[in-house]
Amino acid sequence: MKYTISVLVENRAGVLSKITGLFSRRAFNIDSLAVGTTEDRTMSRITMVVDDNKNSTVEQVEKQLNKLVEVIKVRTYTQEELISKELMIVKVSANQRTRSDIMNVCEIMGAKISDLSATTMTLELADTPDRVDLFADLLRPFSIIELVRTGMIALQKGSGVISAKGNGKQQ
């Protein structure tokens, strides 16, 4: 089963290294990783997606994360509890003959055209990983030149929050 671990940490150099070190020491693979500052610039949120077939590894890692001084809060969620997105930016070959077909794919998928040149189009899509995968598959016949994806970012559905204040419930 896939889990999303959201870790609120102090925004300092070296914190990410400590956190990923916990995973590597346990030979536990991270499927997706994204880090960014929060509404409070002194804190960052690390969002990791992991696959835990044993149902115990995630609990153990969460306990170890909570022991780190720089960690403020840790929450583990199933995919059903979250609103999550991933960003992909992709550059494809494009000419007068293929440009309209690429634009049709963008319109159907809800993607944005970010840049145009005589021979290329750069496109962006923020969506679920499955839809991002589908978008990439639909663009392959047009010759993908470059492709980059972020890790998944996510927030808990409903009024629950992960914050430095309180117990994780909306204040």
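Summarised in this report is the structure supplied together with it. (Residues numbered from 1 in each chain as written. Predicted model: local features only at pLDDT ≥ 70, side-chain atom pairs only at ≥ 80, totals over all residues. Heavy atoms only, no water.)

Here the focus is the overall build of the chain. On a plain count of helices and strands, the chain comes out with four helices and nine strands. Sequence-ordered secondary structure for the chain, helices as α and strands as β, is β-α-β-β-α-β-β-α-β-β-α-β-β. When the backbone C-alpha atoms are referred to their principal axes, the chain occupies close to 60 × 35 × 30 Å. Counting contacts in the chain only where the partners sit at least 6 residues apart, residues at least 24 apart contribute 71% of the total. Only carbon and sulfur atoms are counted for the fraction: they give 51% of the accessible area of the chain, which is about 9,900 Å². Charged side chains in the chain number 23 positive and 21 negative. The centres of these two groups are separated by 5 Å. (Helix = DSSP H or I, 4+ residues; strand = E, 2+ residues; numbered from the N terminus. Contact = heavy atoms within 4.5 Å. Areas by Shrake-Rupley, 256 points an atom, 1.4 Å probe, with all protein chains shown as cover. Lys, Arg positive; Asp, Glu negative; His and termini not counted. Charge placed at Lys NZ, Arg CZ, Asp CG, Glu CD.)

Another point: a positive patch on the surface. A cluster of basic residues, Arg25, Arg26, Lys63 and Lys67, forms a positive patch on the protein surface. On the secondary structure map, Lys67 appears in helix 2 (residues 57-67). With relative accessibility at 61%, the residue Lys67 sits in the exposed group. (Patch = residues over 30% accessible without salt bridge, like charges linked within 9 Å, V, L, I, M, F, W, Y side chains within 5 Å. Salt bridge = Lys/Arg side-chain N within 4 Å of Asp/Glu carboxyl O. Buried < 20%, exposed > 50% of the residue type's maximum accessible area, 1.4 Å probe, protein only.)

Our next topic: a nonpolar patch on the surface. Residues Leu16, Leu33 and Val35 make up a contiguous nonpolar surface patch of roughly 210 Å² in combined accessible area. By the secondary structure assignment, Leu16 is in helix 1 (residues 15-25).

With that settled, the discussion passes to the sheet that holds strand 2 (residues 30-37). If you trace the four strands from one edge of the open sheet to the other, you get 2-3-1-4, paired in antiparallel fashion. Since the sheet does not close on itself, it has two edges, and those belong to strand 2 and strand 4 (71-78), each with one partner. Pairs of neighbouring strands in the sheet enclose a mean axial angle of 15°, with direction left out of account. When strand 1 (residues 2-10) meets strand 3 (residues 43-51), the two strands line up antiparallel, connected through nine bridges. Of the residues in strand 3, the one forming a bridge with Ile5 is Met48. Packed onto the sheet, helix 2 meets strand 1, strand 3 and strand 4 and runs at close to 165° relative to strand 4. (Pairing = 2+ DSSP bridges. Axes fitted to C-alpha atoms, helices over the stretch in contact; angles between N-to-C directions.)

This brings us to the layout of surface pockets. Reported here for the largest pocket is a volume of approximately 250 Å³. The wall of the largest pocket is formed by 13 residues, among which Ser32, Val49, Glu86, Pro129 and Met152 lie closest to the centre. For the lining of the largest pocket, the secondary structure elements donating two or more residues are strand 2, strand 5 (82-93) and helix 4 (129-139). In terms of residue class, the lining of the largest pocket is built from three nonpolar, six polar and four charged. Space inside the second largest pocket adds up to approximately 160 Å³. Considering the residues around the second largest pocket, the lining is formed by 13 residues, among which Arg45, Leu155, Gly160, Val161 and Ile162 are closest to the centre. (1 Å grid on protein atoms, 1.4 Å probe; cavity = no way out; pocket = protein on both sides within 12 Å on 5 of 7 lines; lining within 4 Å. Points joined across faces, edges and corners; volume = space filled by probe spheres on them. Nonpolar A, V, L, I, M, F, W, Y, C, P; charged D, E, K, R; others polar.)

So, to be careful, I would describe these as geometric facts and stop short of saying anything about function.
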